[in-house]
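Report on the structure
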Amino acid sequence: MAIIGKDIKRALELLKNDELIGFPTETVYGLAGNALSEKAVLKIFKTKNRPSFDPLIVHTYSIKELSTFCEKIHPELLKLFETFSPGPLTVLFPKKQLIPDLVTSGLERVAVRIPKHELALELLQSLSFPLAAPSANPFGYVSPTTPQHVENQLGNKLTYILDGGNCKIGLESTIIGEEHGELIIYRLGGLKIEAIEEIVGKVKVNDFSSSNPKAPGMLKSHYAPKIKVSFLPKNYDLGKINSNKIGFIGFDKYNSNIPIKNQILLSQKGNLEEAASNLFAALRATEELNVDLIYTEVFPDEGLGKAINDRLKRAVA
Ligand code: TXA
Ligand code: MG
């Protein structure tokens, strides 16, 4: 069992000694360690049971720090980084040698992000090194959005979880980089594409089909809760089956063929930001329902709806 608390000093001590902590951010909770220490980084991979080919995001507190870890900074990427940091955006920049190859899984670029979370920023500012932090879930499982989620899944492998409350955004950061002068989104996430395109014009979104060598972590099947999740086929007659054993995760309206007690709506108001912030907790909560199968639906293909659909597709795969 890990202790959940707000003691920054304790978190600092652990991190300085190459130990890991549960780390709050506005997107999801991270499993953080010293990004410049191979020992700490190895612990991250081991604790998460994460394959070593899946690189980690480096978290820092200020844009000024960027030149310490990265070089040949692309002007449009810098503009995005400046516009949306701190915030749910991760940018890939060519890495300097200071960043261990382990962090980037041998890739030439390092992923950098400044979380928009007071406690996280306070911690990062007090450290003399940046933090490598993947989401604090065992590999392939749903990301944690509360300290308790971290405790439930990794509590036996951690001593301390820094309590920063519930994650406001609830989806991982949007990841962007550049290839041959073209900006590419590698992961849809907490920052809307529309906001990015307002600054730099149209960007390409990589199709995330199966494993993609450019963003190796974006495996097709991910975010899987323990109960099977499926999209509800259009015009499907649920009346023919025992709907008592069926659950439903929907946007704003209940499904009239499934018992209400088996249903979770992500935003009764029909607000996509609210739906995004509730998604991962809902996927976890399905494990408490006494059902054999969870149906879900396709969300509106706009704003955070795109990222919600991306995560649901992976939960289904
Ligand atoms: O919101 C977030 O981004 C959270 C919080 C904790 O900051 N972190 C997070 O980390 O979601 P993780 O490790 O679960 O997902 C990071 C993704 C992985 O899919 C990985 O493949 C990709 O970022 N990534 C990291 N470094 C990369 C690199 N150098 N090139 C390509 N993809 C990279
Ligand atoms: Mg993750």
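Presented here is an overview of the structure given in this document.

Thresholds applied
Residues numbered from 1 in each chain as written. Chains lettered and ligands numbered in written order. Predicted model: local features only at pLDDT ≥ 70, side-chain atom pairs only at ≥ 80, totals over all residues. Heavy atoms only, no water. Phe/Tyr/Trp six-rings, centres within 6.5 Å; stacked < 30°, edge-to-face > 60°. Helix = DSSP H or I, 4+ residues; strand = E, 2+ residues; numbered from the N terminus. Buried < 20%, exposed > 50% of the residue type's maximum accessible area, 1.4 Å probe, protein only. Arc of directions from axis to C-beta. Contact = heavy atoms within 4.5 Å. Core = buried A, V, L, I, M, F, W, Y, C linked by side-chain atoms within 4.5 Å.

**Some thoughts on the packing of aromatic side chains**
Note on aromatic pairs: each is described by the distance of the centres and the angle between the planes. For the coordinates displayed, the defined rule picks out two aromatic pairs. Taking the centre distance of 5.9 Å and the plane angle of 90° together, the rings of phenylalanine 81 and phenylalanine 93 count as edge-to-face. Residue phenylalanine 81 is located in helix H4 (residues 75-84), and its partner phenylalanine 93 is located in strand E5 (residues 89-94); the two are separated by twelve residues in the primary sequence. There is no split in this pair, since phenylalanine 81 and phenylalanine 93 are both buried. When the centroid spacing of 5.1 Å and the interplanar angle of 45° are considered together, the rings of phenylalanine 251 and phenylalanine 299 count as tilted.

**As for H4**
What H4 keeps buried is the set Leu77, Leu80, Phe81 and Phe84. Down the axis of H4, the buried side of the element spans an arc of 100°, and every buried residue falls inside it. Buried residues along H4 sit in contact with helix H3 (66-69), E5, strand E6 (109-113), strand E9 (174-179), strand E10 (182-187) and helix H8 (193-200).

**With respect to unusual backbone geometry**
Residue serine 85 is joined to proline 86 through a cis peptide bond whose omega torsion reads -10°. Following the sequence through the fold, proline 86 ends up in the loop between H4 and E5. For lysine 72, which is not a glycine, the phi torsion comes out positive at approximately 45°. Among the secondary structure elements, lysine 72 is positioned in the loop between H3 and H4. Note on lysine 72: relative accessible area 68%, which makes it exposed. Despite not being glycine, histidine 180 shows a phi value in the positive range, around 50°. Looking at where histidine 180 falls in the secondary structure, it is placed in the loop between E9 and E10.

**Overview of the nonpolar core**
Within soluble globular proteins, side chains that are nonpolar generally end up buried alongside one another. With 69 residues, the main nonpolar core has Ile176, Ile196 and Ile308 as its most contacted residues. If one sorts the elements of this core by residue count, helix H9 (residues 272-285) sits on top with seven residues. Excluding residues that lie within four positions of it along the chain, isoleucine 176 makes contacts with Leu77, Leu80, Leu89, Thr90, Val91, Leu92, Leu183, Ile184, Ile185, Tyr186, Ile196 and Val203. Grouped together as the second largest cluster of nonpolar side chains are 18 residues, Ala11, Ile21, Ala120 and Leu131 included.

**With respect to helix H2 (residues 38-48)**
Along an α-helix, a turn takes 3.6 residues, which lines up residues three or four apart on a common side. Taken together, the buried positions of H2 are occupied by Ala40, Val41, Ile44, Phe45, Thr47 and Lys48. For H2, the secondary structure elements touched by its buried residues are strand E3 (30-34), helix H5 (101-104), strand E7 (131-132) and helix H7 (147-154). Of the residues flanking the end of H2, it is asparagine 49, one or two places downstream, whose phi is positive at about 60°.

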